[in-house]
Amino acid sequence: MSKKIVVADDEPDVLFMTAFSLRTVGGFEVIEARNGLEAVEKAQQVLPDLIVLDIKMPRMNGYEA
């Protein structure tokens, strides 16, 4: 069973590359979010092993999340 990581970033290219790297190189299950609020909601649903947050995001920033 692979470890779960929630990755949140509002920049699509950064989100894609981070998630892609974690999936292919690390073998992790990656759950993507596009803002802090979405990251919190997804984290509550899947209970990840790690959460990676961008600081500046809409709706809820990384600090607030």
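Look up: the structure comes first, before these words.
Predicted, not measured: the structure shown is a model, and the values here were computed from it.

**Student:** What is the right way to look at helix α2 (residues 36-46) in this model?
**Tutor:** Count 3.6 residues to each turn of an α-helix, and residues three or four apart come out pointing the same way. Burial in α2 covers these residues: G36, A39 and A43. The arc that holds the buried residues of α2, viewed along the axis, is 55°, so those residues lie on one side. In α2, the exposed residues that point more than 90 degrees away from the buried face are Q44 and Q45. Residues of α2 that are buried sit in contact with β1 (4-8), β2 (29-33) and β3 (50-53). The N-terminus of α2 is capped by N35, whose side-chain oxygen sits 3.1 Å from the backbone nitrogen of L37.

Calculation notes
- Residues numbered from 1 in each chain as written.
- Predicted model: local features only at pLDDT ≥ 70, side-chain atom pairs only at ≥ 80, totals over all residues.
- Heavy atoms only, no water.
- Buried < 20%, exposed > 50% of the residue type's maximum accessible area, 1.4 Å probe, protein only.
- Helix = DSSP H or I, 4+ residues; strand = E, 2+ residues; numbered from the N terminus.
- Arc of directions from axis to C-beta.
- Contact = heavy atoms within 4.5 Å.
- Polar contact = N/O pair within 3.5 Å; in protein donor to acceptor, adjacent residues only side chain to side chain.

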